[in-house]
There are 2 protein chains.
Amino acid sequence: MSAPYAIILAGGSGTRFWPASRRACPKQLLPLIAGSEASLLEHTLARIAPLVPTEQLLIATSTRLREQTRARLPGLPESAVLAEPVARNTAPCIGWATATIARRAPEAVVMVLPSDHYVADTRLFRETVERACALAATGSIVTIGLWPTRPETGYGYIELGPPLDQGRGDTFLCQKFVEKPDPKTALEFVTNGRHLWNSGMFFFRADVLLQRIGQHLPSLAAALAEFDRAAAAGEEEARLAELFPELPNVSIDVGIMERESQLLVIKGDFGWNDLGSFASLWELGPRDGAGNVAAPNHVLIDAERNLILSRTDPTRTVALLGVSDLCVIDTPDALLIVPRERAQDVREVLRQLEAAGRDDLS
Amino acid sequence: MSAPYAIILAGGSGTRFWPASRRACPKQLLPLIAGSEASLLEHTLARIAPLVPTEQLLIATSTRLREQTRARLPGLPESAVLAEPVARNTAPCIGWATATIARRAPEAVVMVLPSDHYVADTRLFRETVERACALAATGSIVTIGLWPTRPETGYGYIELGPPLDQGRGDTFLCQKFVEKPDPKTALEFVTNGRHLWNSGMFFFRADVLLQRIGQHLPSLAAALAEFDRAAAAGEEEARLAELFPELPNVSIDVGIMERESQLLVIKGDFGWNDLGSFASLWELGPRDGAGNVAAPNHVLIDAERNLILSRTDPTRTVALLGVSDLCVIDTPDALLIVPRERAQDVREVLRQLEAAGRDDLS
């Protein structure tokens, strides 16, 4: 098998990390891993570096984020960054990136990875990815499902079907995709051994995905063919700007994967976190004896299980006295204080700021 | 009666307002009154301006704060600021300031006022002060006791004795001073009609106080006589530096007032607050419909009864989402978050910073 290609989805706006994230600097471009100055996107690339040659990397983002994204990745050729003129969910984006790969290598194995997740065990992650690629090389479409470790209601789940004969007992047919469950259902999912978290990672041969797009999303397939012609004529960017707004606004999950009768699922158990909110950053720590995640220059008295994210100035000091379970996000022009259990509601603040015309802060 | 003199006590370090207050900028020099850029000290002076001629004002502070204090009061002569070389509680300070006045006018009526309190009704305050001065002119020592409006355990109280015959029914002999009570006792005090809050305001003739100092604090009296001699010889500052550290470290309450059998108390009811902590600032408002005290540029969602004090930059935005009863004090180099009910413990943060050698923040 030739080395796989990778499509890294880096177009997210990450409103749940405001004020650390902004429209011009969303989550994937932030250094959210404790002890590292690298962005989540850079961590994602480092994680697959031994598997994917640099020239087979594609970063899918928006024209709005193109320059900031390139600036973070000086080692990549400019052509590695694919910029959608408008956001149209993941099916058009992955379809276009796959078509781009197929022009060079129609039978290439392609992995699609989010750019803004956390993985604890990189070695185990790579092993799982390599097995997914090997299965994809045979013509299957493959995803990785993650062992649920808590009754999470914020994720989609994958229900497992029968195990694959030639697997190690951890590869299954996908029975179906399940939308974000209610708390009672989530509790059932986390205990019944038949449900995994939907990771958003997919593996396929380029020609196989394009065939499925032709089958399930013919209007997208037509546009991709048009992009191919335009690319050959050196006019791709203009055609993209013209056609992209018309493309179906649909996710790859809904548009393709849920309709795939033979979708394979590999169980992943490499310590995954989608970094969905500031609460995730607290979970990943490192925590002090009182459960606080905070740089040592801060002062914490009778304060437990708080997160302090302060990037304004290393000499700036945050003092917490008698408060618990708060996220304190301190930036030069905006400060957010929110209980960890409300961290997923941060976009409410952004909505209010936008309603007040405070575009400088969004 | 000639116009009275005033001694304004402005030497406090105000550690309960960190990080808004610092060693070099304590509470009395801060603009803590909503809607005003003037410091508490300036508000205090404005309050008595119609009663006390400028040339009869004395501001008692420390040598450490002398320049900042003068800078706040450009209209006063330099000699109006008396600077103690070391802090020795209020008896030496008031004794020295009174001796200074007595050199000019031995029988002058003197009022002693804290510099860092809040008064809602200035007209009523002035009326009460004028009556206290009139009583002091007859040779009495007078204090103002404040109607308690809640079972406060953080203040000292004054127990009332029999009413003064010639009073309007609101002037009494002081029965005794009572230290900060426990909650049960405080509840009794607020309901029995016989206890007032000790305001720390005193009124006396200069010669009367000096006579009492001679009687109760002879070592202080000796030092004051020595300061008089040194002043006449133009050597007062040197003698102060030499003798002040040896003076008794005692408050005027304990050293003089508690021993005064004929101390008079006038009931004050002019809307007084000692601004003892950030909780006081919240109490004084102005509060929005959800009980928050915050400038309108901030964002408050599901947030109730919080105080935001942010002086770093008027364009800096604080967003509170789902938090209640917090004080958020935002300064350029330090941010404090503390529940209102723990606001009086802020000095703990300072202690910890000092222990860590962070003198830059104290």
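Treat the numbers as computed from the prediction; the structure is a model and nothing was measured.

**Some points on unusual backbone geometry**
All names here are of chain B. Here the amide bond leading from Trp 18 into Pro 19 is cis, since omega sits at 5°, within 30 degrees of zero. In this structure, Pro 19 sits in the loop between β1 (5-9) and α1 (40-48). With omega at 0°, the peptide bond leading from Gly 285 into Pro 286 counts as cis. Considering the arrangement of structural elements, one finds Pro 286 in the loop between α10 (278-284) and β12 (299-301). One non-glycine residue, Asp 302, adopts positive backbone phi at about 50°. Structurally, Asp 302 can be placed in the loop between β12 and β13 (307-310). Look at Asp 302 and you get partly exposed, because its relative accessible area is 49%. Of note, the phi angle at Arg 305 is positive, near 60°, even though the residue is not glycine. Position of Arg 305 relative to the elements: it lies in the loop between β12 and β13.

**A closer look at the environment of A:Pro148**
Residue and element names in this part refer to chain A. Mapped onto the fold, Pro 148 is located in the loop between β6 (142-146) and β7 (157-163). When its relative accessible area of 11% is taken as the criterion, Pro 148 is described as buried. Residues Pro 148 and Val 190 lie 42 residues apart in sequence; the distance between their C-alpha atoms is 5.6 Å.

**Quick notes on the nonpolar core**
Residues B:Ile7, B:Val110, B:Val112, B:Phe204, B:Leu209, B:Phe227 and B:Met257 are the most contacted members of the largest nonpolar core, which totals 45 residues. Sort the elements by how many residues they give to this core and helix α3 (residues 90-104) of chain B lands first, with eight residues. With 44 residues, the next largest nonpolar core counts A:Leu82, A:Trp96, A:Leu224 and A:Leu263 among its residues.

**As for the packing of aromatic side chains**
One pass over the full model with this rule turns up 16 aromatic pairs over all chains. With 5.2 Å between their ring centres and 85° between their planes, A:Phe125 and A:Phe270 make a pair best called edge-to-face. Note that A:Phe125 is positioned in helix α4 (residues 122-137) and A:Phe270 in the loop between β10 (264-268) and β11 (272-273), a separation of 145 residues in sequence. With respect to class, A:Phe125 is no different from A:Phe270; both count as buried. With centroids separated by 6.3 Å and ring planes inclined at 10°, the aromatic side chains of B:Phe227 and B:Phe244 adopt a geometry described as stacked. Of the two residues, B:Phe227 sits in helix α7 (residues 218-232) while B:Phe244 sits in the loop between α8 (236-243) and α9 (252-255), which places them 17 residues apart along the sequence. Taking the relative accessible area as the measure of exposure, B:Phe227 reaches 0% and is therefore buried. The exposure class of B:Phe244 is buried, given its relative accessible area of 0%. The structure contains a cluster of three or more aromatic residues connected by ring pairs, namely A:Trp96, A:Phe227 and A:Phe244. Above the ring of A:Trp282, the side-chain terminus of A:Arg287 is found at 4.1 Å from the ring centroid. Over the aromatic face of B:Phe125 sits the side chain of B:Arg47, whose NZ or CZ is 5.8 Å from the ring centroid.

**Overview of the sheet that holds β13(B)**
In a beta sheet, neighbouring strands are held together by backbone hydrogen bonds and run either parallel or antiparallel to one another. Reading across from one edge, β12(A)-β14(A)-β16(B)-β15(B)-β13(B) is the order of the five strands in this open sheet, with mixed pairing throughout. Sheet topology places β12 (299-301) of chain A together with β13 of chain B at the edges, where each strand pairs with a single neighbour. Between one strand axis and the next, the sheet turns through 5° on average, direction left out of account. Bridge count between strand β15 (residues 326-330) of chain B and strand β16 (residues 334-339) of chain B: five bridges; the pairing is antiparallel. Directly across from B:Cys327, in β16(B), lies its bridge partner B:Val338. Contacting β12 and β14 (317-321) of chain A together with β16 of chain B, helix α11 (residues 347-355) of chain B crosses the sheet at an angle of about 130° to β12(A).

**Structural notes on the side chain of B:Ser115**
Residue and element names in this part refer to chain B. The residue Ser 115 is located in the loop between β4 (109-114) and β5 (118-119) in this model. Taking relative accessible area as the criterion, Ser 115 reaches 1% and is therefore assigned buried. Not counting residues up to four positions away in its chain, the partners in contact with Ser 115 are Ile 8, Leu 9, Ala 10, Gln 28, Leu 40, Leu 41 and Thr 44.

**Observations concerning the packing of helix α3 (residues 90-104) of chain A against helix α6 (residues 206-216) of chain A**
All names here are of chain A. Look at α3 against α6: their axes get within 9 Å of each other, and the N-to-C directions meet at 135°. In terms of orientation, α3 lies oblique with respect to α6. The two elements α3 and α6 cross, and the hand of that crossing is left-handed. Contacts between α3 and α6 involve Ile 94, Gly 95, Thr 98, Ala 99 and Ala 102 from the former and Ala 206, Leu 209, Leu 210 and Ile 213 from the latter. A class-by-class count of the residues in the contact of α3 with α6 yields seven nonpolar, two polar and no charged.

**Quick look at the pairing of strand β6 (residues 142-146) of chain B**
All names here are of chain B. Of all five residues in β6, five are buried, a share of seventy percent or more. Both faces of β6 are covered, namely the face carrying Val 142, Ile 144 and Leu 146 and the face carrying Thr 143 and Gly 145. Sheet topology places β6 next to strand β9 (residues 195-205); four bridges connect them, and they run antiparallel. By the bridge assignment, Leu 146 is partnered in β9 with Trp 197.

**Brief notes about the pattern of salt bridges**
Residue and element names in this part refer to chain A. All told, the structure shown has 54 salt bridges over all chains when counted by the stated rule. Here Glu 348 and Arg 351 are joined by a salt bridge, their closest N and O atoms 2.6 Å apart. Here Arg 351 and Glu 348 lie together in helix α11 (residues 347-355), a separation of three residues that amounts to about one turn. On the accessibility criterion, Glu 348 (33% relative accessible area) is partly exposed. Among the residues examined, Arg 351 registers a relative accessible area of 47% and is labelled partly exposed.

**Section: the environment of A:Asp360**
Within the element layout of this structure, A:Asp360 appears in the segment after α11. Linking A:Asp360 and A:Ala137, residues 223 residues apart in sequence, is a C-alpha distance of 47 Å.

**Structural notes on the packing of α7(B) against α8(B)**
Helices that pack against each other are described as a pair by the angle of their axes relative to one another and the distance between those axes. Residue and element names in this part refer to chain B. The geometry of α7 relative to α8 is characterised by a closest axis approach of 8 Å and an angle of 150° between their N-to-C directions. When the axis of α7 is compared with that of α8, the two are roughly antiparallel. Note on element contacts: α8 touches α7 through Glu 236, Arg 239, Leu 240 and Leu 243, opposite Glu 226, Phe 227, Ala 230 and Ala 231.

**Points about the environment of A:Ile7**
All names here are of chain A. Among the structural elements, Ile 7 can be located in strand β1 (residues 5-9). The class of Ile 7 is buried, set by a relative accessible area of 0%. For the pair Ile 7 and Gln 28, spaced 21 residues apart in the sequence, the C-alpha separation amounts to 14 Å. Residues within four places of Ile 7 in sequence aside, it is in contact with Leu 58, Ala 60, Ile 94, Ala 97, Thr 98, Ile 101, Val 110, Met 111, Val 112 and Leu 113.

**Side note on the interface of chain A and chain B**
Residue-level contacts link 36 residues of chain A with 36 residues of chain B. In this assembly, chain A and chain B are joined by four salt bridges. Note that B:Arg316 and A:Asp330 form a salt bridge whose closest N and O atoms lie 2.8 Å from each other. Linking chain A to chain B there are 20 residue pairs in polar contact (both at pLDDT 80 or more).

**Some remarks on the confidence of the model for chain A**
This prediction gives chain A a mean pLDDT of 94; 99% of its residues lie at or above 70. At the level of chain-chain contacts, confidence expressed as ipTM amounts to 0.88, with global pTM at 0.89.

Thresholds applied
Residues numbered from 1 in each chain as written. Chains lettered and ligands numbered in written order. Predicted model: local features only at pLDDT ≥ 70, side-chain atom pairs only at ≥ 80, totals over all residues. Heavy atoms only, no water. Helix = DSSP H or I, 4+ residues; strand = E, 2+ residues; numbered from the N terminus. Buried < 20%, exposed > 50% of the residue type's maximum accessible area, 1.4 Å probe, protein only. Core = buried A, V, L, I, M, F, W, Y, C linked by side-chain atoms within 4.5 Å. Phe/Tyr/Trp six-rings, centres within 6.5 Å; stacked < 30°, edge-to-face > 60°. Lys NZ or Arg CZ within 6 Å of the ring centre and 35° of its normal. Pairing = 2+ DSSP bridges. Axes fitted to C-alpha atoms, helices over the stretch in contact; angles between N-to-C directions. Contact = heavy atoms within 4.5 Å. Parallel < 35°, antiparallel > 145°, perpendicular 65-115°, else oblique. Left-handed = near helix turned anticlockwise from the far one by under 90°. Nonpolar A, V, L, I, M, F, W, Y, C, P; charged D, E, K, R; others polar. Salt bridge = Lys/Arg side-chain N within 4 Å of Asp/Glu carboxyl O. Polar contact = N/O pair within 3.5 Å; in protein donor to acceptor, adjacent residues only side chain to side chain. pLDDT = per-residue confidence, 0-100.

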